[in-house]
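The residues making up each chain are set out below.
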Amino acid sequence: MTTFADLGLSDAILRALSELGYEEPTPVQEQAIPPLIEGNDVIGQAQTGTGKTAAFALPIVQKILPQRVPQALILTPTRELAMQVAEAIFKYSKGSQIRVAPVYGGQPISRQLRALEQGVQVVVGTPGRIMDHMRRGTLALANIRMVVLDEADEMLNMGFIEDIEYILQQTPQERQTALFSATMPAEVEKLARRYTRDPQRISIVPEQLAVPRIRQTYYEAAPREKLDVLTRVLDVETPPAAIIFCRTRSEADSLGESLQARGYTAEVIHGDLAQTQRDRVMKRFRDGQVELLVATDVAARGLDIPDVSHVINYDVPNDPESYVHRIGRTGRAGRTGQAITIISPRERRQLQIIQRVTKSKLTHERIPTLADVAARRREAFKEALRNVLTEGDLDPYILMVEDMADEHDTTEVAAAAFKLLLNEVEQEDTLASVAGDGAGVEPGMTRLFLDVGRFDRVRPADIVGAIANEAGLPGKSVGSIDIYDRFSFVEVPSDTAQKVLRALNNTAIRGKALNVSVAKPKR
Ligand code: ADP
Ligand code: MG
């Protein structure tokens, strides 16, 4: 396995990448970064979503000199891309303060002029607007050492060929040139050949891959709705054991936390965890104590993961191969499995590529509505009811029903009992609910939320101790305690809840001041 460190990147960049949660380079990054750092030209072909931005942006960040003059120029077909690339450079250069200016049509030219005057080092823009600035004399290209043509095929499709050639001709001869493109039609090839010198050629053409025969579906959701869509899907599917894949460590961490806060038993596993921690998580998952395993590709690769009923892609993976790896975790040994992918509209193209390369079809599913979720809960409720009926031991309750039968029809009594039990659940709007908690609270107890958890080295004894000492409650009156990574829940007798709340809010556990509130009910 190649790491970012193997590619010759500086410590500052490695730190930035680690903070972003990138675990390992994608294939195009692995092949393009070393030659670019060494000063070679590169012609790279790789599909959308394969990480081409970092492939050229990281070497640029590394090679920028302190002088406040434009040294790198990146041409992109659209303003959106220009902004994305500028943002990426900003993120990758965290700590080294590289000045980057996006330059594109549609934004007042005055703002861009100010940015350029203040001495930018990297300019990212659409060819038209770059030409504008060159004509006005507001963008000097004399010190440009690196030029990147990003999404070259798109730029040519949009008729930018003459602008591009003009711009390239105005940059110094001894510059380094890189061209990236998803496809290599003849015109792109010609352009590449004319303006690069002794280029390193990189082509990441995905091979045909065989996928296991399982049901593959996808849901489409805007990025900020993804979590809600995921929880609805989970509530309808009710997987006994599922793996949810994320692209980065940070994404996995934050998703794991959100799921825990919403009452799912979820644990996160990624490359940053020590072996003992991984083993512990995996044991809990195998034993069924954890229903959802949130994982990155790297973490999952090295693991002996048991067969699961569902694989969920919370992000579309960077390449079709990862997709196949991921979904291969379900449907083993002839069992039925399900692979579910949640995509944002921007990831449609990536999904098409995956379908083409894997020769499989993902069915577009409608996002479950609250009514679907409610219907599923009713089914689950009936199932639970059947179990209770089989178990028997109903005598005291039969007495209650007989008592009420004097006033009401027994069918109505049963219906009212169902309503009472299901009602609270159905009123909740999952879209609006935040950090609530799941498990049913014992009758007569109130569940409190504490903003300290495992990461603060909190143990149950600390919580019981604080409640006993600060609120004067006997330790044995404290109910169930759940400790998660960054927060915990504790149940206390309802008539003492206010007292405990006040007392805990004035104290600290393991040196950390507490913020305690009554836990919101789950869905
Ligand atoms: P392309 O330009 O090839 O279409 P991008 O550079 O836009 O692809 O990258 C697609 C997504 O993958 C982005 O969200 C980016 O942050 C993410 N990404 C890129 N490289 C990595 C990596 N090594 N590990 C994890 N995520 C990555
Ligand atoms: Mg790109």
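All of the points below concern the structure found in this document. Computed from a prediction, not measured in an experiment: that's the story for all the values here. (Residues numbered from 1 in each chain as written. Chains lettered and ligands numbered in written order. Predicted model: local features only at pLDDT ≥ 70, side-chain atom pairs only at ≥ 80, totals over all residues. Heavy atoms only, no water.)

### A look at helix α16 (residues 370-391)
The end-to-end C-alpha distance of α16, which contains 22 residues, comes to 31 Å, matching closely the 32 Å that a straight helix rising 1.5 Å per residue would cover. All of the buried residues along α16 are Val373, Ala374 and Phe381. Seen end-on, α16 carries its buried residues on one side only, within an arc spanning 90°. Opposite the buried face of α16, at more than 90 degrees from it, the exposed residues are Leu389 and Thr390. Positioned one or two residues after α16, glycine 392 has a phi angle of 80°, which is positive. (Helix = DSSP H or I, 4+ residues; strand = E, 2+ residues; numbered from the N terminus. Expected span 1.5 Å × (residues − 1). Buried < 20%, exposed > 50% of the residue type's maximum accessible area, 1.4 Å probe, protein only. Arc of directions from axis to C-beta.)

### Description of the nonpolar core
Residues Phe56, Leu58, Ile60, Ile74, Val122 and Phe180 are the most contacted members of the largest nonpolar core, which totals 39 residues. Here this core gets 7 residues from one element, more than from any other, and that element is helix α3 (residues 52-63). Once residues lying within four places of it in the same chain are set aside, the contact partners of phenylalanine 56 are Leu36, Ile74, Val85, Val148, Asp150 and Phe180. Within the second largest apolar cluster, 28 residues are counted, among which are Leu149, Leu179, Ala192 and Tyr195. (Core = buried A, V, L, I, M, F, W, Y, C linked by side-chain atoms within 4.5 Å. Contact = heavy atoms within 4.5 Å.)

### Comments concerning the sheet that holds strand β10 (residues 266-269)
Across the sheet, which stays open at both edges, the 7 strands sit in the order β10-β11-β9-β12-β13-β8-β14 with parallel pairing between neighbours. Taken across any chain shown, the strands that pair with only one partner, and hence form the sheet edges, are β10 and β14 (363-364). In terms of strand pairing, strand β8 (residues 215-220) meets β14 through 2 bridges, oriented parallel. For threonine 217, the partnering residue across the bridge sits in β14 and is threonine 363. (Pairing = 2+ DSSP bridges.)

### Looking at the packing of aromatic side chains
Inspection of the entire model under this criterion finds 9 aromatic pairs. Centre to centre, the rings of phenylalanine 56 and phenylalanine 180 are 5.7 Å apart; their planes meet at 40°, and the pair counts as tilted. A residue pair is termed long-range when its members are at least 10 positions apart, and phenylalanine 56 in helix α3 and phenylalanine 180 in strand β6 (residues 176-181) qualify at 124 residues. Taken individually, phenylalanine 56 and phenylalanine 180 each receive the classification buried, so the pair is uniform in this respect. Note on phenylalanine 487 and phenylalanine 489: the rings are 5.9 Å apart at their centroids and 75° apart in plane angle, and the pair reads as edge-to-face. Overall, phenylalanine 487 belongs to the buried group, its relative accessible area being 7%. Within the aromatic cluster, the residues linked to one another by ring pairs are Phe449, Tyr484, Phe487 and Phe489. (Phe/Tyr/Trp six-rings, centres within 6.5 Å; stacked < 30°, edge-to-face > 60°.)

### Considerations on the sheet that holds strand β5 (residues 146-149)
The sheet built from 7 strands is open, its strands ordered β3-β4-β2-β5-β6-β1-β7 with parallel pairing. The sheet is open, and its two borders are formed by β3 (100-103) and β7 (200-204), each paired with just one other strand. Looking at each pair of strands side by side, their axes are set apart by 10° on average, direction ignored. By the bridge criterion, 5 bridges tie strand β1 (residues 42-46) to β7 in an arrangement that is parallel. The residue of β7 that forms the bridge with isoleucine 43 is arginine 201. (Axes fitted to C-alpha atoms, helices over the stretch in contact; angles between N-to-C directions.)

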